[in-house]
Amino acid sequence: MRYAQGGGLTDAERAARERIRLQAVVRFEAGRSRLSETQIARLERGTLVHNRADRRWTPARIKTLIGRLFHVSCTVEGT
């Protein structure tokens, strides 16, 4: 299934998503990640291996994958 330009989100929703991404960058740069660099690389590969049919990785889905791969519990906000 293909989504319209912007993934079907409004301008406000896209802006909110971008703010969350930027906050994540700040946290990673500050070294707050609970995963090692090796685990993060494995997680990135895992998103390709466990590719979702709709090709969307939400924070909740990433949280679930982190739990399955590494047995690490985190919040949706923490992902």
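Residues numbered from 1 in each chain as written. Predicted model: local features only at pLDDT ≥ 70, side-chain atom pairs only at ≥ 80, totals over all residues. Heavy atoms only, no water.

K.L.:
Looking at this model, I keep getting lost on the overall build of the chain. Mind explaining?
P.N.:
Counting its secondary structure elements, the chain contains three helices and zero strands. The order of α-helices and β-strands along the chain, N terminus first, is α-α-α. Burial analysis of the chain (79 residues in total) assigns 14% to the buried set. In the chain, 32% of the contacts between residues at least 6 apart in sequence involve partners at least 24 apart. When the accessible surface of the chain is totalled, it reaches about 6600 Å², and 53% of it is carbon and sulfur. (Helix = DSSP H or I, 4+ residues; strand = E, 2+ residues; numbered from the N terminus. Buried < 20%, exposed > 50% of the residue type's maximum accessible area, 1.4 Å probe, protein only. Contact = heavy atoms within 4.5 Å. Areas by Shrake-Rupley, 256 points an atom, 1.4 Å probe, with all protein chains shown as cover.)

K.L.:
Explain the nonpolar core to me, please; I cannot follow it from the model alone.
P.N.:
Within soluble globular proteins, side chains that are nonpolar generally end up buried alongside one another. Of all hydrophobic cores here, the largest spans eight residues; its members are Leu-35, Leu-43, Leu-65, Ile-66, Leu-69, Phe-70, Val-72 and Cys-74. Per element, the largest residue contribution to this core is four residues, and it comes from helix α3 (residues 59-70). The contacts of Leu-35, once residues within four sequence positions are left out, are Ile-40, Leu-43, Ile-66, Phe-70 and Val-72. (Core = buried A, V, L, I, M, F, W, Y, C linked by side-chain atoms within 4.5 Å.)

K.L.:
How should I be thinking about the pattern of salt bridges in this particular structure?
P.N.:
Between side chains of opposite charge, a pair can form as their charged atoms come close. In this structure the tally under the stated criterion is two salt bridges. Of the charged contacts in the structure, one is a salt bridge between Asp-11 and Arg-14, with a shortest N-O distance of 2.3 Å. Of this pair, Asp-11 and Arg-14 are both found in helix α1 (residues 11-29), three residues apart, which corresponds to roughly one turn of the helix. The partner of Glu-18 in a salt bridge is Arg-21, with the nearest N and O atoms 3.6 Å apart. Of this pair, Glu-18 and Arg-21 both sit in helix α1, three residues apart, roughly one helical turn. For Glu-18, a relative accessible area of 37% corresponds to the partly exposed category. (Salt bridge = Lys/Arg side-chain N within 4 Å of Asp/Glu carboxyl O.)

K.L.:
Mind showing me how you'd approach α3 here?
P.N.:
Over its twelve residues, α3 extends 16 Å from the first C-alpha to the last, a length consistent with the 16 Å expected when each residue adds 1.5 Å. Along α3, the positions that sit buried rather than exposed are Leu-65, Ile-66, Leu-69 and Phe-70. All buried residues of α3 project into a common sector of 105° when viewed along the axis, lining one side. (Expected span 1.5 Å × (residues − 1). Arc of directions from axis to C-beta.)

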